[in-house]
Amino acid sequence: PATTPVPNGDGAWVGLLWPRAMLLRADLAAGLGLKDEARTWYGTFLELWSKADPEFAPIVARARAAYTSLGGK
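Definitions and limits used
Residues numbered from 1 in each chain as written. Predicted model: local features only at pLDDT ≥ 70, side-chain atom pairs only at ≥ 80, totals over all residues. Heavy atoms only, no water. Salt bridge = Lys/Arg side-chain N within 4 Å of Asp/Glu carboxyl O. Helix = DSSP H or I, 4+ residues; strand = E, 2+ residues; numbered from the N terminus. Buried < 20%, exposed > 50% of the residue type's maximum accessible area, 1.4 Å probe, protein only. Expected span 1.5 Å × (residues − 1). Contact = heavy atoms within 4.5 Å. Axes fitted to C-alpha atoms, helices over the stretch in contact; angles between N-to-C directions. Left-handed = near helix turned anticlockwise from the far one by under 90°. Nonpolar A, V, L, I, M, F, W, Y, C, P; charged D, E, K, R; others polar.

Caption draft 1: Local environment of the pattern of salt bridges. Counted according to the given criterion, the structure contains 3 salt bridges. Between D36 and R39 there is a salt bridge; the shortest N-O distance is 2.3 Å. With D36 and R39 both in helix α2 (residues 35–48) and 3 residues apart, the pair spans about one turn of that helix. Classification of D36 by relative accessible area gives exposed; the value is 54%.

Caption draft 2: Structural detail: helix α3 (residues 57–69). Its 13 residues give α3 an end-to-end C-alpha distance of 18 Å, which sits within 8% of 18 Å, the value for a rise of 1.5 Å per residue. Along its buried surface, α3 packs onto α1 (18–31) and α2. Positive backbone phi, at 95°, marks G71, one or two positions downstream of α3.

Caption draft 3: Summary view of the packing of α2 against α3. One can describe the packing of α2 onto α3 by two numbers: an axis separation of 9 Å at closest approach and a directional angle of 145°. The way α2 lies across α3 gives a crossing that is left-handed. Contact residues: α2 offers R39, Y42, G43, F45 and L46, while α3 offers I59, V60, A63, R64, A66 and Y67. When its residues are assigned to classes, the contact of α2 with α3 shows 8 nonpolar, 1 polar and 2 charged.

Here it is as structure tokens:
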């Protein structure tokens, strides 16, 4: 499930980490020149956050710009 509790029970939820991990993986792949992998992860991130709250607009815009620069549509 998207909201699996972290085993130590400190109140954090694993599901909250997935979008950040996707964006970090995309950034890393782009930095290493792995364009196809970066495009895949930016695209996945953008699909997940396509209807994000306005407060996340700068992050989504940055990911969209990176995705577009790698040939994403």
